[in-house]
Amino acid sequence: MASVQLKNVCKKYPNGYEAVKDFNLDIEDKEFIIFVGPSGCGKSTTLRMIAGLEDISSGELIIDGKVVNDVEPKDRDIAMVFQSYALYPHMTVYDNMAFSLKLKKRPKDEIDRAVREAARILDLEPLLDRKPRALSGGQRQRVAMGRAIVRNPKVFLMDEPLSNLDAKLRGQMRVEISKLHQRLGATIIYVTHDQTEAMTLGTRIVVMKDGVVQQIDTPQNLYDHPCNKFVAGFIGSPQMNMITADALEENGNVVLKFAGQSIVLNAERAKALKDGGYVGQKVILGIRPEDVHSDEESLNKFPGTVFEAEVRVYEMLGASALIYFNIGETGWVASVDASTKARTGDTVRLAMDTKKIHIFDYNTEKTIVD
Amino acid sequence: MNSSLERSRKIRTAGVYAFFIIGSVIMVFPFVWMFLTSFKTVEESMIIPPTILPQAWQGKNYSDATASLPFLSLYKNTALMIFWRVVCAVVFSSMAGYAFAKLNFKGKNILFSLVLIQMMLPSQIFITPQYQMLAKLGLTNTVFALVFPGLVSAFGTFFLRQAYLGIPDEIAEAAYLDGCNQWQTFVKVMAPLTKSSMAALAVFTAVFAYGDLMWPLIVNTDINMMTLSSGLATLRGQFSTNFPVMMAGSLLAMVPMVVLYLFFQKQFIEGVAMTGGK
């Protein structure tokens, strides 16, 4: 396995479009790195540059200490799993998996051993003689993984490998990939737009937008300490509630006023706003749905952040319930205890956990305090 | 209720069957007529009202046909022409189609436009220059002359390009990452995926070559270098034609195609369905 470094990597197309701008990342051996972001953010392009399927316009790609910008894909010692699996339809599962080793003219018994070992790991042994069209989506996905494993590459690249599967299978395969990572001790770079995959699989996540890296951090840090409004909104489901608020000082407290509501900030957040000169300015308030509570205990615990709202939609999820309501014109959602009595049309009292309030700069959208 | 539904369904089925039976009779009739005529005398073949069954079965027409034409040479020439035209069309069209569909090179669009233009022009306008080229090279009255216009196929290039366009780029990319060079990607991965389209093109080319009359008639005037179609055409007299002998010859000329059809029925039908050829 290997380390991968991207230094100031850019991708500019002949028509002038910049798909990736100044991408810097150090991936350590055995890391599971996730590239996540909305469609068109450049995550797949970056992966394809690492694979060698796209030229790097500027910057350096280093695998195991060697600059590989001009090295042919087959000589980079990487393997890729495609979104559509890209299995060879005219070959059996065995031949699909053996193809790269046959091209390298490896001895037959070595090829056979490698294919059967990968098939055993992925539980593909009974399917080795089948053609891809005779396999289910999940089985095809496993063959695509097998094809990569057989090569024993330095780095695995995976481009949205689970997005063609149904929700249940996706969940199962997510666990399988995680197990595989532990078992192989492989360096994996994984592209997805599914933030659940990103959060559950990655040792670190790279959040991208418009070709620019927004934040590189562990899943927990991204969730707890997003560096800006975009990351805060992108990570977490349902996404973080946000609203523009006026930061004011009243009776020695710093309060945020928005849509006829007013909440008092705790000392830490008040200090951050004062120190940053945000008092008297517009800021963006953010709070995750799971940090908005309706139970009596929370209402008593956070009296300064209590507000009232009318329930527009009530969704029961089993373990918890989602309450959708409006703050002014802005739609918010609270993830509350399933025992809540609130139903559509009711007016409820809600409170925000003061320690979990995020505040972003109105102009730069960067985090002021979280 | 149920019985009336069943009755109307039966009537509809009977109607559909009747329609197809009539269609089949219309399609088969010329062949039956050709078969029956091949056993008639010249006079009987032209009397009005015509007879359906021959008054006396004249097997002699067949010996006359084989005596007036060197059938073995005609079969051999036709087979060689079809074989090489099919091989060339499939191999070269596949390569060109792949290049136009999956590779990026300068002038690709202009070159492909030229292919399309060639498809749009009537093939007759190429006959004179092609004949002149062959005549100057001294290659008339050869098998190569018969194959020559089929060395490349604009239609085949277009047709297989479409087939390659239907294969996702990711498959070629996977092959590339697996260690294939451009040629290996084409030969080991992409070309096998267009097998059914290649078979369709082969059938289309074979049927077209078999029926091609004008070019073989122009380019090969030696009866021993003619194809079945051009050879049969020589049986047509300027003032009179011996129809029973001609029908006998035509039936003999049909035999290889019928045998081929019996072996490759599935590919023939797929070929006709995919190319819209006949």
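Bear in mind that the values here come from a model prediction, so they are computed numbers and not experimental data.

**Student:** What should I look at first to understand the overall build of chain A in this one?
**Tutor:** For chain A, the count of helices and strands is 10 helices and 21 strands. Counting every position in chain A, which comprises 370 residues, the buried fraction comes to 41%. Counting contacts in chain A only where the partners sit at least 6 residues apart, residues at least 24 apart contribute 66% of the total.

**Student:** I tried to follow the packing of helix H2 (residues 93–103) of chain A against helix H4 (residues 137–150) of chain A on my own but got confused; where do I start?
**Tutor:** When two helices pack together, their arrangement is given by the angle between the helix axes and the distance between those axes. Residues and elements named next belong to chain A. Two numbers describe how H2 lies on H4: the axes approach to 8 Å, and their chain directions differ by 30 degrees. As far as their axial angle goes, H4 and H2 are roughly parallel. Judged by the sense of rotation from one axis to the other, the crossing of H2 with H4 is right-handed. Within the contact between the two elements, H2 uses Val93, Asn96, Met97, Ser100 and Leu101 and H4 uses Val143, Gly146, Arg147 and Val150. Residue composition of the contact of H2 with H4, by class: five nonpolar, three polar and one charged.

**Student:** Is there a simple way to think about the environment of A:Ala259 in this case?
**Tutor:** Residue and element names in this part refer to chain A. Within the fold, Ala259 resides in the loop between strand S12 (253–258) and strand S13 (261–264). With 15 C-beta atoms counted inside 10 Å, the residue Ala259 sits in the partly exposed group. Between the alpha carbons of Ala259 and Asn326 there is a distance of 9.8 Å; along the sequence they are 67 residues apart. In this structure Ala259 touches Ile243, Ile327 and Gly328, once residues within four positions along its chain are discounted.

**Student:** What is the right way to read the nonpolar core from this model?
**Tutor:** Across soluble globular proteins, nonpolar side chains show a tendency to be buried alongside one another. Within the largest apolar cluster, 147 residues are counted, with the highest numbers of intra-cluster contacts made by A:Leu157 and A:Ile189. The greatest single-element share of this core, amounting to 10 residues, is contributed by helix H11 (residues 195–211) of chain B. The residues touching A:Leu157, leaving out its near neighbours within four places in the chain, are A:Leu47, A:Ile50, A:Ala51, A:Ile78, A:Met80 and A:Ile189. Membership of the second largest hydrophobic core comes to 12 residues, among which are B:Leu74, B:Leu228, B:Ala248 and B:Ala253.

**Student:** Is there a simple way to explain the pairing of strand S11 (residues 241–250) of chain A in this structure?
**Tutor:** Strand residues, when the strand is regular, have side chains that alternate between the two faces of the sheet. All names here are of chain A. In terms of strand pairing, S11 meets strand S14 (residues 282–287) through six bridges, oriented antiparallel. Across the sheet, the residue bridging to Ile243 is Leu285, located in S14. A loop of two residues connects S11 with S12, the two strands running antiparallel in sequence, and Asn251 in this loop sits at a positive phi of about 50 degrees.

**Student:** I'm lost on the interface of chain B and chain A in this one. Help?
**Tutor:** Interfaces are frequently sized by the accessible area removed from exposure as the parts join. Residue-level contacts link 13 residues of chain B with 15 residues of chain A. Those elements that place two or more of their residues in the side of chain B that touches chain A are helix H9 (169–178) and helix H10 (182–193) of chain B. Broken down by element, the residue count for the side of chain B that touches chain A peaks at seven residues, all from H9(B). Residues belonging to the side of chain B that touches chain A are distributed by class as follows: nine nonpolar, one polar and three charged.

**Student:** Whenever I open this one, the sheet that holds strand S6 (residues 78–81) of chain A confuses me. Can you help?
**Tutor:** Pairing between the strands of a sheet comes from backbone hydrogen bonds, and it takes one of two forms, parallel or antiparallel. Residue and element names in this part refer to chain A. Here we have six strands laid out as an open sheet, ordered S6-S7-S8-S3-S9-S10, and mixed in their pairing. In this open sheet, the two edge strands, each paired with only one partner strand, are S6 and strand S10 (212–217). Taking each pair of neighbouring strands and ignoring which way they run, the sheet shows an average axis angle of 15 degrees. Where S6 and strand S7 (residues 155–159) come together, four bridges link them in parallel fashion. When the sheet's bridge partners are listed, Ala79 is paired in S7 with Phe156.

**Student:** Explain the sheet that holds strand S15 (residues 292–293) of chain A here, please?
**Tutor:** All names here are of chain A. Read across the sheet, five strands follow the order S15-S19-S16-S17-S18 without closing on themselves; strand pairing throughout is antiparallel. Only two strands of the sheet have a single neighbouring strand rather than two, namely S15 and strand S18 (330–337). Where strand S16 (residues 307–316) meets strand S19 (residues 347–352), four bridges bridge the pair, whose relative direction is antiparallel. Bridging from a neighbouring strand, Glu308 pairs with Arg349 of S19.

**Student:** Teacher, can you tell me more about the pairing of S16(A) here?
**Tutor:** All names here are of chain A. Sheet analysis places S16 next to strand S17 (residues 320–327), joined by five bridges and oriented antiparallel. When the bridges of S17 are listed, Tyr314 appears paired with Ile323. Hairpin connection, S16 to S17: the antiparallel pair is bridged by three residues, and Gly318 has positive phi, about 105 degrees.

**Student:** Could you clarify how one ought to interpret unusual backbone geometry in this entry?
**Tutor:** Following A:Ser237, the chain continues into A:Pro238 via a peptide bond in cis, with omega recorded as -5 degrees. In this fold, A:Pro238 is placed in the loop between helix H8 (229–234) and S11. Following B:Ile48, the chain continues into B:Pro49 via a peptide bond in cis, with omega recorded as -5 degrees. Here B:Pro49 lies in the loop between helix H2 (42–46) and helix H3 (60–68).

**Student:** Would you mind showing me how to read the environment of A:Cys41 here?
**Tutor:** Residues and elements named next belong to chain A. Mapped onto the elements, Cys41 comes out in the loop between strand S3 (32–36) and helix H1 (43–51). Looking at Cys41, the number of C-beta atoms within 10 Å reads 23, which means it is buried. In contact with Cys41, other than residues within four places in its own chain, are Met208, Lys209, Asp210 and Gly211.

Thresholds applied
- Residues numbered from 1 in each chain as written.
- Chains lettered and ligands numbered in written order.
- Predicted model: local features only at pLDDT ≥ 70, side-chain atom pairs only at ≥ 80, totals over all residues.
- Helix = DSSP H or I, 4+ residues; strand = E, 2+ residues; numbered from the N terminus.
- Buried ≥ 20, exposed ≤ 12 C-beta atoms within 10 Å, placed from the backbone.
- Contact = placed C-beta atoms within 7 Å.
- Axes fitted to C-alpha atoms, helices over the stretch in contact; angles between N-to-C directions.
- Parallel < 35°, antiparallel > 145°, perpendicular 65-115°, else oblique.
- Left-handed = near helix turned anticlockwise from the far one by under 90°.
- Nonpolar A, V, L, I, M, F, W, Y, C, P; charged D, E, K, R; others polar.
- Core = buried A, V, L, I, M, F, W, Y, C linked by C-beta atoms within 7 Å.
- Pairing = 2+ DSSP bridges.

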